[in-house]
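Now for the letters of each chain:
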Amino acid sequence: MGKRKELKDGDVDMGGTGRPVDDDESDEDIDMVNVDFEWFDPQPAVDFHGLKNLLRQLFDSDAQIFDLSALADLILSQPLLGSTVKVDGNESDPYAFLTVLNLQEHKDKPVIKDLTSYLQSKASSNASLAPLAQLLSQNPIPPVGLILTERLINMPSEIVPPMYTMLLEEIAWALEEKEPYNFSHYLIVSKKYEEVESKLDMEDSRPQKKKKNSGNKAEQFFFHPEDEVLQRHAICSGSIDYTHKHDDGHSDSKRTFQDLGIKTSGSLMLIEASKLEAAVKDVTDYLKAPV
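Remember, it's a predicted structure, so these values are computed and weren't measured experimentally. (Residues numbered from 1 in each chain as written. Predicted model: local features only at pLDDT ≥ 70, side-chain atom pairs only at ≥ 80, totals over all residues. Heavy atoms only, no water.)

1. A short note on helix 5 (residues 160-176)
Test applied: We count a stretch as a helix when DSSP gives it H or I for four or more residues in a row; a strand needs E for two or more, and each element gets its number in order from the N terminus. A helix is expected to span 1.5 Å multiplied by its residue count minus one.
Across its 17 residues, helix 5 extends 25 Å between first and last C-alpha, which sits within 8% of the 24 Å expected from 1.5 Å per residue. Directly beyond the C-terminal end of helix 5, a positive phi value near 65° is found at Lys-178.

2. Notes on the pattern of salt bridges
Condition: Any carboxyl oxygen of Asp or Glu that lies within 4 Å of a side-chain nitrogen of Lys or Arg is treated as forming a salt bridge with it. To sort residues, take the accessible area from a 1.4 Å probe on protein chains only and compare it with the maximum for the residue type: under 20% means buried, over 50% means exposed, and anything in between is partly exposed.
All told, the structure shown has seven salt bridges when counted by the stated rule. Residue Lys-191 pairs with Asp-60 through a salt bridge whose shortest N-O separation is 3.1 Å. Taken as a pair, Lys-191 in strand 5 (residues 185-197) and Asp-60 in the loop between helix 1 (48-59) and helix 2 (68-76) lie far apart in primary sequence, 131 residues in all. Of the two residues, Lys-191 and Asp-60, neither departs from the other in class, the shared state being buried. Each of the salt bridges in this network shares a partner with another, and the network as a whole consists of Lys-281, Asp-285 and Lys-288.

3. Concerning the pairing of strand 2 (residues 83-86)
Selection rule: The rule for pairing is simple: two strands pair if DSSP sees at least two bridges between them.
With burial as the criterion, each face of strand 2 is covered, one bearing Ser-83 and Val-85 and the other bearing Thr-84 and Lys-86. Pairing analysis gives three bridges linking strand 1 (residues 38-40) to strand 2, with the strands arranged antiparallel. Residue pairing in the sheet places Trp-39 in a bridge with Val-85 of strand 2. For strand 2 and strand 3 (residues 96-102), the ladder comprises three bridges, and the chain directions are antiparallel. The residue of strand 3 that forms the bridge with Ser-83 is Leu-98.

4. A short note on the side chain of His-106
What counts here: The contact criterion used is simple: two residues touch if any of their non-hydrogen atoms lie within 4.5 Å.
Positionally, His-106 belongs in the loop between strand 3 and helix 3 (110-124). Given the relative accessible area of 12%, His-106 is considered buried. Aside from chain neighbours lying at most four places away, what touches His-106 is Leu-74, Gln-78 and Ile-112.

5. Description of the packing of helix 5 against helix 8 (residues 276-286)
Worth spelling out the cut-off: Axes here mean lines fitted to C-alpha atoms, for a helix over just the part in contact, with angles spanning 0 to 180 degrees between N-to-C directions. For classification, angles of less than 35 degrees are called roughly parallel, those exceeding 145 degrees roughly antiparallel, those between 65 and 115 degrees roughly perpendicular, and all remaining angles oblique. By definition, any crossing whose near helix is turned counterclockwise from its far helix by less than a right angle is left-handed, and any crossing with a clockwise turn is right-handed.
Taken N-terminus to C-terminus, the directions of helix 5 and helix 8 make an angle of 155°; their axes are 9 Å apart at the nearest point. With respect to helix 8, the axis of helix 5 lies roughly antiparallel. Judged by the sense of rotation from one axis to the other, the crossing of helix 5 with helix 8 is left-handed. When helix 5 is examined against helix 8, the residues Pro-161, Tyr-164, Thr-165 and Leu-168 are found in contact with a partner set consisting of Leu-276, Glu-277, Val-280, Val-283 and Thr-284.

6. As for the packing of helix 1 against helix 2
Here helix 1 crosses helix 2 at 120°, and the two axes come no closer than 9 Å. Classified by the angle their axes make, helix 1 and helix 2 are oblique. In this structure, the crossing between helix 1 and helix 2 has a hand that is right-handed. Judged by residue contacts, Phe-48, Leu-51, Lys-52, Leu-55, Arg-56 and Phe-59 of helix 1 engage Leu-68, Ser-69, Leu-71, Ala-72, Asp-73, Ile-75 and Leu-76 from helix 2.

7. A short note on the nonpolar core
Inclusion rule: By nonpolar core we mean a set of buried residues, namely Ala, Val, Leu, Ile, Met, Phe, Trp, Tyr and Cys, connected to one another through side-chain atoms within 4.5 Å.
Membership of the largest hydrophobic core comes to 38 residues, with the highest contact counts inside it found for Leu-55, Phe-59, Leu-71, Leu-132, Leu-148 and Leu-187. Excluding anything up to four places from it in sequence, Leu-187 contacts Leu-119, Leu-132, Leu-136, Val-144, Gly-145, Leu-146, Ile-147, Leu-268, Met-269 and Leu-270. Listed in part, the 31 residues of the second largest apolar core include Leu-98, Ile-159, Tyr-181 and Ala-234.

Right, dumping it as structure tokens:
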């Protein structure tokens, strides 16, 4: 049976789960849900399907490229490294996870070969990711720690600092045991999005003249607020386009504030191993719940 991760006092404060209710507001107008989050080691007997679903969400439309079953199995093969977050006890599905995989140690595994080739190709297509492309093209590949993390969309960001803090501790313990986690760099895979005009709105305004493209690149936003902080510590970072494109109606299924759709893209950040601890500290400060 897997053990529950222990959080020391001060590791995380989730703050309130609802806003104050004025006297003139009916109880029926406000729904408040109190949720207790628990951190666990990855559980091979329990977490396979939940991890696979979160990996599919992480890689978005390009998830079909990879053997996600093999990737989930690889994550679960190192149960003392990384964390899952659950709300209904150890036997429930994870709502979030974070782990690290050694690209050098697992270089001969087909799913890692596919991932490394994919990431090297994508990095080569973005000048801002040139240092990453050069690193991944080396033979043999250096000991790069591939950090994979994802969570359900409504999960609070305050769950993130404990996962990163635990990861640093677990890597330190693994190194004491001479295990292969002496990384030179960490590569964080994440996601971004940009707001796009709804196809439905464009159809409604079809008789009007189309606006000329100003040539300005659309502003991109992080799905995960911690990525904004991690990016500041990165050697390089940048967006990558997915190989498999969504159809035209996909952005409307992800409309933000009912006015705009969103177009998703991948995000890569390369951080020197010696800089991760400081990055995690900054993430913890940034995501600290308001008092």
